[in-house]
Amino acid sequence: MSVFITRKIPEAGLERLRAAGVAFEIGEMDGEKAIARDDVLDGVRRHDVLLSLLTERVDREVLTANPQLRGVSNMAVGLDNVDLAAAEELGIPVGNTPGVLTDATADLTWALLLAAARRVPEAHDYMAGGRYSIWGPELLCGVDVGPGASGCRKTLGIVGFGRIGVAVAQRARGFDMDVVACGSPRSRDAMTAASVEPLEFDELLERSDFVSLHCPLTPSTRHLIGVEQLLRMKRSAILINTARGPVVDERALVEALRGGEIRAAGLDVFEDEPLMAPGLVELPNVVILPHIGSATHETRDRMATMAADNAIEFLRG
Ligand code: DGY
């Protein structure tokens, strides 16, 4: 009985497997390299459980490569890289890592929101480029996140009110913001509990000063934000995406940012990762990060141990 781990995971997860007496093989030890598709298929054929990362496509071909496959443990909360319908049909259980990355991802959402509102990367580049010669009243002005000097409360619109959406809303209280949200009918109770106003999606876009995406990627959320939605948003709005890249039509976003249809964007995820839409990186009003929402040592250790625990459970039936 053994586990095939596609790419190197934190030591805490490997320790968990060793402590349980579970043998494992790691496909790609270089933390910065992808594993070849053939090596994934070969690993699945020779082991009983697959422990995958979000960078691997776990489709029907992978799931059927080994008729004895006892489970897939994905070290991520998002499962859009796994063909869940095929797994269900084949009776293969799939695990993910919910809960443990909620706070880290909510924190990073706020880091992006503040950085985009206050133009932190531009200011950093300005300093690093040796351009700071004198303080000026209009130097690198951004926008208030809280009521600030105008006394006007800002509205944060949260799209998808699951664990991370709730945690982002909690943090907004400290900034004295109005919070509105839209999500599945199941999330209505959470909105009531958090004193968040439920809105239809279009109205949320029209009313929000900041729009933050926290929905999973599914066929119905692909390109949820496109040309029409960007036009619906305030010209002063800032869009934050720490969910999944394809939720946003990235080419449409580039045009909207370029044309001033919205003020700015903060992105941790991209439509065709690790690539970015042409022109995105040249824009001054965008903050871009390499999918590091859950990237704290504590969180990644917990994700790795949870993924290892799931793999052990699958081996035990
Ligand atoms: C996830 O878990 O789905 C994140 O995107 C990476 O932590």
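Analysis parameters
Residues numbered from 1 in each chain as written. Predicted model: local features only at pLDDT ≥ 70, side-chain atom pairs only at ≥ 80, totals over all residues. Heavy atoms only, no water. Axes fitted to C-alpha atoms, helices over the stretch in contact; angles between N-to-C directions. Helix = DSSP H or I, 4+ residues; strand = E, 2+ residues; numbered from the N terminus. Parallel < 35°, antiparallel > 145°, perpendicular 65-115°, else oblique. Left-handed = near helix turned anticlockwise from the far one by under 90°. Contact = heavy atoms within 4.5 Å. Nonpolar A, V, L, I, M, F, W, Y, C, P; charged D, E, K, R; others polar. 1 Å grid on protein atoms, 1.4 Å probe; cavity = no way out; pocket = protein on both sides within 12 Å on 5 of 7 lines; lining within 4 Å. Points joined across faces, edges and corners; volume = space filled by probe spheres on them. Near = heavy atom within 4 Å. Polar contact = N/O pair within 3.5 Å; in protein donor to acceptor, adjacent residues only side chain to side chain. Areas by Shrake-Rupley, 256 points an atom, 1.4 Å probe, with all protein chains shown as cover. Pairing = 2+ DSSP bridges.

Student: Looking at this model, I keep getting lost on the packing of helix α1 (residues 11-19) against helix α12 (residues 297-315). Mind explaining?
Tutor: The relative placement of two packed helices comes down to the angle between their axes together with the axis-to-axis distance. Where α1 meets α12, the closest approach of the two axes is 7 Å, and the angle between their N-to-C directions is 30 degrees. Comparing the axis directions of α1 and α12 gives the class roughly parallel. The handedness of the crossing between α1 and α12 is right-handed. Where α1 abuts α12, its residues A12, G13, R16 and L17 lie against D301, A304, T305, A308, D309 and I312. For the contact of α1 with α12, the residue count by class is five nonpolar, two polar and three charged.

Student: Quick question: what am I supposed to make of empty space enclosed by the protein here?
Tutor: In this approach a probe as big as a water molecule rolls over the atoms, and the regions it shows empty are the leftover space. Evaluation of the coordinates by the stated rule reveals one cavity of 30 Å³ or more. Of the voids in this model, the largest cavity is the one considered here, and its volume is about 30 Å³. In terms of lining, the largest cavity is formed by N241, G245, V248, E250, L253, L267, V269 and F270. Taken together, the residues of the lining of the largest cavity sort by class into five nonpolar, two polar and one charged.

Student: Teacher, can you tell me more about the site of the ligand here?
Tutor: Taken together, L54, A76, V77, G78, L101, R244, H291, S294 and M303 make up the full set of residues adjacent to the ligand. In the environment of the ligand, an oxygen atom lies 2.9 Å from a nitrogen or oxygen atom belonging to the backbone of G78. Coverage of the ligand by the protein amounts to 91% of the 230 Å² it exposes when considered alone. Each residue belonging to the shell around the ligand can be placed in one class, and the counts come to five nonpolar, three polar and one charged.

Student: Mind showing me how you'd approach the sheet that holds strand β1 (residues 2-7) here?
Tutor: Pairing between sheet strands relies on hydrogen bonds along the backbone, with the strands arranged either parallel or antiparallel. Taken in spatial order, the five strands of this open sheet run β2-β1-β3-β4-β5, and their pairing is parallel. Only two strands of the sheet have a single partner each, and these edge strands are β2 (23-28) and β5 (94-95). Across five bridges, the pairing between β1 and β2 is parallel. Within the sheet, the bridge partner assigned to R7 lies in β2 and is E28. On the sheet, α1 packs against β1 and β2 and is oriented at approximately 150 degrees with respect to β2.

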